[in-house]
Amino acid sequence: MPEERRGLSQLEAESERVGTDWQMKLPTTEQEAAELSMREAMLPPKVQQLRQKLSSKAKEQKRFRFYSLYDKIIDKETLKAAYRQVRANGGAAGVDGVTLSRIDEVIGEERYVDELHTELKTKRYKASPVRRQYIPKANGKLRPLGIPVIKDRVVQAAVVLILEPIFEADFGYFDSIPHDKLMMCVRMRVVDGAVLGLIKQWLEAPVVEEIRDGNRGNKPRYKVTRNTKGTPQGGVASPLLANIYLHWVDRVFRSEQGPAKWAKAELIRFADDFVILCQKVTPRLERFVSEKIEQWLGLKINRDKTRIYQVKASENGLDFLGYNFSLALASHGPKRRYWRVAPSKKSIQRETAQLRAMISNRQQHIPITELIGQLNLHLRGWKNYYGKWHCGAAMQRINWQLENRLRRHLRRRSQRPWRIPEGSTLLAHLRKLGLVRL
C-alpha cells in the first residue's frame, strides 16, 4: 500500500474510533457570526444557493466525498464574488507588483474575471511565489506574513467559497502543519483532482524574501525558499485549510478516550488559540495534549504562550480572544463577586490606535461624510464583537475619543476657525453628519 494511502487509512480508522460526526463545532463569536452572515448576504444568489446545497449534502451524508467541485470554483459568478471579497479586504501587491487599483482602473472587473476563468478552464493557471514580509507583534517579535499575488488570492477565495460550507470551518493557522497529513485530511471530503492540485500548488509555492545587505548599498537581494509544512499567514485559503486539520484536536479531545470524559475538561478553541477548562491540571492531561498535538498531528506548541492559569486567584483575570475574563466585586452585597466579561485593555488600545489612524492628517482629503461612512462600518464590526456583556465603560471611552478626534479633524479641514453650529452640540452635529455611536 502506498505511504500516503496508508496514512489516510490510519486517519479514517481514527475517525471510526472517535465517531463520525464531521460537523466542525468550533466555538464561535458574535463578530464571526455577524461577519459570516453579512458576507453570505452579499454573495450572488447563485453562489448562495450552491453553498447551501453543498452544506446540506455534507450534513446529510457525513462520510460523503465530493468528486466534482472544480467547475463550481471556476464558474464566473464564483470568481466574481471571490474577486469582490479580495478587493474589499484590500492588501498589498504580491511579487508581480499588480495592485487592486490597477486592476480596477486598467483592466476592469469583468475582463479580469473572464481572463481568469479562461486561464483556469484551460488549466493554464499556475500559483506564483509568495512575497514574505515581517510585521511586529505585541511582544516585540516579528511575525512572518506571506502575501500571494492578487490572482492567487482570488482563486483561493473561490476555493474557500466552495469548500467552506463542506467543512464549516472557522478561521486560524498553524505554521507547522505537515503538508502530507493536511492533504490526507482534505481528501477525506474532497477527491476532485483539479481542486487538490490547486491546494497543493499553494502549499508548495516558493517564498520570496527581500534581504538588504549593507555591503550592497540600497540594492536588495532576494532569498527563495520552499516550505514542506505550514499554511503561511496571508493566504486566503490558509485559515480554512488549517481548521480542516485542527478539527482533529477537537475530535480526540471530546472522544470517549479524551479528557472531556475522564477529566471533565472543556476545550475552547478559536483557530490555534485554545483554553482548557478543568478543576485540576494533572500530568495525564498535560501528556495527552502534548502527545496529540506534537506527536500525532506533528504540530508545535508555543511553550512561551502556554501556562496554567487560576482565574479565581487572579486580580487581572484571563485575556482570551480580545476579552478579559475575571471575577469582579459586585456593587451590591458584601464580598459578592461575579464573572466580568469585558474588552481587554489591549483590545481597547488597538481600537483607539485604529481610530487615530482612520482620522489622521492623511485622511483630510476624504469628504467628511465618506470618512464617517468608513468609521461607521468599522464601529459596527467592533460593536458586533464586543457589544455584549460588560462593555459599557470601554464603549464610553471609545466614543469620547472618537468625538474629540473628529472635532479636531473638522477644525483642520476648515480654513477658517471651525465652531459647532449655533444651537447645536458636537454630538448632535456628528449625528447629523451620520456618525453612529457605540
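Residues numbered from 1 in each chain as written. Predicted model: local features only at pLDDT ≥ 70, side-chain atom pairs only at ≥ 80, totals over all residues. Heavy atoms only, no water.

(A) Up close: empty space enclosed by the protein. On inspection of all chains with the given rule, the structure shows 3 cavities of 30 Å³ or more. Of the voids in this model, the second largest cavity is the one considered here, and its volume is about 70 Å³. In this structure, the second largest cavity is lined by Val 249, Val 252, Phe 253, Leu 267, Phe 274, Ile 276, Phe 288, Val 289, Lys 292 and Ile 293. It is helix α13 (residues 283-296) that contributes the most residues to the lining of the second largest cavity, 4 residues altogether. (1 Å grid on protein atoms, 1.4 Å probe; cavity = no way out; pocket = protein on both sides within 12 Å on 5 of 7 lines; lining within 4 Å. Points joined across faces, edges and corners; volume = space filled by probe spheres on them. Helix = DSSP H or I, 4+ residues; strand = E, 2+ residues; numbered from the N terminus.)

(B) Structural context of the sheet that holds strand β9 (residues 337-343). Overall, antiparallel pairing links the 3 strands, which are arranged β7-β8-β9 in an open sheet. Each of the sheet's edge strands pairs with one partner strand only, and the pair in question is β7 (318-320) and β9. Taken over all neighbouring pairs, the strand axes of this sheet differ in orientation by 25° on average, direction set aside. (Pairing = 2+ DSSP bridges. Axes fitted to C-alpha atoms, helices over the stretch in contact; angles between N-to-C directions.)

(C) Looking closely at the confidence of the model for the protein. For the protein, per-residue confidence averages 78 on the pLDDT scale, and residues scoring 70 or more make up 82% of the total. For the protein, per-element mean pLDDT is lowest for helix α1 (residues 3-18), which scores 40, and highest for helix α7 (residues 109-121), which scores 94. Every residue in residues 1-37 is under pLDDT 50, and counting partners more than four places away or in other chains gives 77 contacts. (pLDDT = per-residue confidence, 0-100. Contact = heavy atoms within 4.5 Å.)

(D) The side chain of Arg 51, seen in detail. By the element assignment, Arg 51 lies in helix α3 (residues 45-60). Side-chain polar atoms of Arg 51 contact the side chain of Glu 164, separated by 3.1 Å. (Polar contact = N/O pair within 3.5 Å; in protein donor to acceptor, adjacent residues only side chain to side chain.)

(E) Highlighting α7. Here α7 is 13 residues long and its end C-alpha atoms lie 18 Å apart, about the 18 Å a rise of 1.5 Å per residue gives. Three or more residues of α7 are buried, namely Glu 109, Tyr 112, Val 113, Leu 116, His 117, Glu 119 and Leu 120. Buried residues of α7, viewed axially, fall in a sector of 165°; they line one side. Against the buried residues of α7 lie α4 (70-73), α5 (76-89), α6 (100-107) and α8 (150-167). Of the residues flanking the end of α7, it is Lys 123, one or two places downstream, whose phi is positive at about 60°. (Expected span 1.5 Å × (residues − 1). Buried < 20%, exposed > 50% of the residue type's maximum accessible area, 1.4 Å probe, protein only. Arc of directions from axis to C-beta.)

(F) Up close: unusual backbone geometry. The phi dihedral of Lys 123 is positive, around 60°, even though this residue is not glycine. Structurally, the position occupied by Lys 123 is in the loop between α7 and β1 (130-136). The backbone of Lys 264 sits at a positive phi, close to 55°, despite the residue not being glycine. Classification of Lys 264 by relative accessible area gives exposed; the value is 69%.

(G) Layout of the packing of aromatic side chains. The tally for this structure, following the rule as stated, stands at 10 aromatic pairs. Aromatic pair Trp 262 and Phe 288: ring centres 6.1 Å apart, planes at 75°, arrangement edge-to-face. With Trp 262 in helix α12 (residues 259-262) and Phe 288 in helix α13, this pair connects stretches of sequence that are 26 residues apart. Ring plane angle 90° and centroid distance 4.6 Å describe the contact between Tyr 385 and Tyr 386, whose orientation is recorded as edge-to-face. Each member of the pair, Tyr 385 together with Tyr 386, is buried. Taken together, the ring pairs in this structure connect Tyr 323, Phe 325, Trp 382, Tyr 385, Tyr 386 and Trp 389 into an aromatic cluster. When the ring centre of Tyr 70 is taken as origin, the NZ or CZ atom of Lys 123, which lies over that ring, is 5.1 Å away. (Phe/Tyr/Trp six-rings, centres within 6.5 Å; stacked < 30°, edge-to-face > 60°. Lys NZ or Arg CZ within 6 Å of the ring centre and 35° of its normal.)

(H) Local environment of the pattern of salt bridges. If you walk through the whole model with that rule in mind, you get 14 salt bridges. In this structure, Asp 71 and Lys 72 form a salt bridge, with 3.7 Å as the shortest nitrogen-oxygen distance. For Asp 71, a relative accessible area of 45% translates into the label partly exposed. Note on Lys 72: relative accessible area 23%, which makes it partly exposed. (Salt bridge = Lys/Arg side-chain N within 4 Å of Asp/Glu carboxyl O.)

(I) Highlighting the packing of α3 against α8. Where α3 contacts α8, the axes come no closer than 7 Å and their chain directions differ by 30°. As α3 runs across α8, the sense of the crossing is right-handed. In this structure, α3 contributes Leu 50, Arg 51, Leu 54, Ser 55 and Ala 58 to the contact, and α8 contributes Val 160, Leu 161, Ile 162, Glu 164, Pro 165 and Ile 166. Residue composition of the contact of α3 with α8, by class: 8 nonpolar, 1 polar and 2 charged. (Left-handed = near helix turned anticlockwise from the far one by under 90°. Nonpolar A, V, L, I, M, F, W, Y, C, P; charged D, E, K, R; others polar.)

(J) Region of the structure containing α5. Relative to the 20 Å expected for 14 residues at 1.5 Å per residue, α5 spans 20 Å between its end C-alpha atoms, a close match to the ideal helical length. Residues of α5 that are buried include every one of Thr 78, Leu 79, Lys 80, Ala 81, Ala 82, Tyr 83, Gln 85 and Val 86, and no others. Where α5 begins, one side-chain oxygen reaches toward the backbone nitrogen of Glu 77, 2.9 Å away; that side chain belongs to Asp 75. Of the residues one or two after α5, Gly 90 is the one with positive phi, at around 70°.

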